[in-house]
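A structural walkthrough
Here's the letter readout for the chains.
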Amino acid sequence: MNGDNEASSVPWEHFQKWLHSIAVVTFDLELGQALEIIYPGDADLSSIEKANICYLAFPDSNFGSAQDVPYHFRIRRTSPKIGPHHMLVLENSSVSLPLDASYLYGFVQFRQHKDPSIKRGYYQKSVVLLTPFPFFSLWNCVAAKIASGYFELGEAAIEAACHDLDQWPTPVPGTPLMLPLMGTVIQCRIPLRGDLPITGPSSYTKDDQTGPSIVLPSVSEVDIYRSLSKVLVHVQLMWELVLLGEPLLVVAQTPTRCSSMVQSLVSLICPLRLLSDFRPYFTIHDSEFREYSARARNLPAVILGVTNPFFIKALPHWPHILKVEEDRASEGPEKQTEKNKHWDGKSLDAKPGLYTQYKPFLGRDKALIKKLLKGTRPDEVCSALLRRHFLELTQSFMIPLERHLSSLMPLRKTMSPFKSIPHPRPFVLDDFLVTLEAAGPSLTCGIKGDWSGLYRRFVSTRTFAGWLSQRNSDIAKQIKMAYIEELCQADLGASVLASRHHAEIVDLVLRMRLIAVQLPTRHERRVGVIRQIAAVISRVDEELRGVLMSNCALRELLDNSREIVHSI
């Protein structure tokens, strides 16, 4: 099933479950970059957001010839809004997806070519898809198809695409989806929480009886080897920088290169979700430029992808700058140098390399680098190797934390129906570090280094805080369900109740009522809890029964559950 395939009863209803809007940005001689078209016409964007989108929709570097430039950016929303369909994806999709209701992604297809009929001499326009969902493979495919239609046929192509998008089913993680678009069908699946990253080709096209079909093995995967091949010798150090939320400036010659590189860096810590900020493409005109260029004591935890070399001069106080060399067919990854560089903070034409004084906590896995630098494997295989290596490294780093959190959970044998739902013990860093001596990450991944030092830095990051908050929430749900199960199976016979004070029994019944109303109506555990409530009431003396039944909420629960009560 693809979900609700029926046509939208309300215009734009299904469209807006996937996209915020589709815009066309043009260059106006008087206004500069300007919003020419937007669908739907009443799309909710503030003046600041519109200005940021217009600046980010054009490359911040000069192209002297005809160019088609695909890339993506990420902007902070001035008034974040999230609907129930967005919550469905957020709560059920892969935890590593960089999905945040406070941000919008923009997927750009920029076109430039000479046109003597235009006063400026060049045709320059961008088609931009705005969406809260970081489905990179999917949106790059969709943006390219819509832009191709628009540049050939004009606005009618966007109208046709919007009509197709409004027929799409609700985005449901884990469900195979068939998405019609401008004469083709895109087949894909949104990753479900608990899925492992999918490795393989990003897409392929086939023809069948229903017409051409584009199959996307992953909606969100990025080609990390192609993006990072020029900086492989630094990639493990950069894994640490991303993990620790360090400020990192990525300077490349094109927005395509810098946006793909930033997104690849973010994906290195999968299955963790990076909670510090990142901007795949950023310009000096962005409303937050001052925030990031200020010489504050605490630098922002953000990764910036830029193409304007002025950033090197504007951010000389940033501790980590990665300048990426231009792609050349004659140069391969084997020509990389391992040495990190020191920079004087003055020259705008600094040579490509990683400029940092950061000392990594872990040793480099040289065997992996040698495999990748040989250059004899296809890019798809190298991407799979690289992704698998950092997936396993991140999992090795997180497994001791997961194991320690599990040890903080209360034992089921300590649960009693006459006590409230227990809580896990709090996380204490020093207690955790003691456990590393017997079962540290070096035992599973083989990489040696100062793991304790890395953990000490990591626990102060937003990423750790977000992970711990999510895990505590998950653990609280597990404890609650275990408590309810114990409650349903507990012996609450007359002899047990006779040994308890009336106040304890009142607390027990009211606690069970609160638990019951929080469970779905026909849930097995709800039925079990209500049966226990009815059994307790039937076994206490008349005076206590009268006290309990004087509670209106309790009476209402039992009245609405008469079939259950009568079965006691």
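Each remark here, short or long, concerns the structure printed above.
Residues numbered from 1 in each chain as written. Predicted model: local features only at pLDDT ≥ 70, side-chain atom pairs only at ≥ 80, totals over all residues. Heavy atoms only, no water.

Further remarks concern the overall build of the chain. Of the regular secondary structure elements, the chain holds 22 helices and 14 strands. Taking all 568 residues of the chain together, 50% fall into the buried category. Considering only intrachain contacts with a sequence separation of at least 6, the fraction spanning at least 24 residues in the chain is 72%. As displayed, the chain offers around 27,200 Å² of accessible surface, 52% of which is attributable to carbon and sulfur atoms. (Helix = DSSP H or I, 4+ residues; strand = E, 2+ residues; numbered from the N terminus. Buried < 20%, exposed > 50% of the residue type's maximum accessible area, 1.4 Å probe, protein only. Contact = heavy atoms within 4.5 Å. Areas by Shrake-Rupley, 256 points an atom, 1.4 Å probe, with all protein chains shown as cover.)

When strand β6 (residues 176-181) meets strand β7 (residues 184-189), the two strands line up antiparallel, connected through 6 bridges. Bridge assignment links L177 to a residue of β7, and that residue is C188. Hairpin connection of β6 to β7: 2 residues between the antiparallel strands, including M182 at a positive phi of 50°. (Pairing = 2+ DSSP bridges.)

Moving on: the side chain of R279. Here R279 lies in strand β11 (residues 277-279). Within the structure, the side chain of R279 is placed 3.1 Å from the side chain of E288, a separation counted as a polar contact. Looking at R279, its side chain comes within polar contact range of the side chain of Y292, at 3.4 Å. For R279, the residues in contact, after removing those within four places along its chain, are R74, I75, R76, Y103, V262, D286, E288, Y292, V302, I303, L304 and G305. (Polar contact = N/O pair within 3.5 Å; in protein donor to acceptor, adjacent residues only side chain to side chain.)

For the rest of this paragraph, the subject is the sheet that holds strand β2 (residues 32-39). One open sheet holds the 5 strands; their spatial order is β2-β1-β5-β4-β3, and the pairing between them is antiparallel. In this open sheet, the two strands that pair with only one neighbour each are β2 and β3 (67-76). On average, each strand axis in the sheet is inclined to that of its neighbour by 25°, with strand direction left out of account. Where strand β4 (residues 103-114) lies against strand β5 (residues 122-131), 10 bridges are found, and the strand directions are antiparallel. Its bridge partner being in β5, R111 is matched across the sheet by K125. (Axes fitted to C-alpha atoms, helices over the stretch in contact; angles between N-to-C directions.)

Here the focus is a positive patch on the surface. A cluster of basic side chains, namely K366, K370, K371, K374 and R377, defines a positive patch on the protein surface. Turning to its location among the elements, K370 is positioned in helix α11 (residues 366-373). Looking at K370, the relative accessible area reads 59%, which means it is exposed. (Patch = residues over 30% accessible without salt bridge, like charges linked within 9 Å, V, L, I, M, F, W, Y side chains within 5 Å. Salt bridge = Lys/Arg side-chain N within 4 Å of Asp/Glu carboxyl O. Lys, Arg positive; Asp, Glu negative; His and termini not counted. Charge placed at Lys NZ, Arg CZ, Asp CG, Glu CD.)

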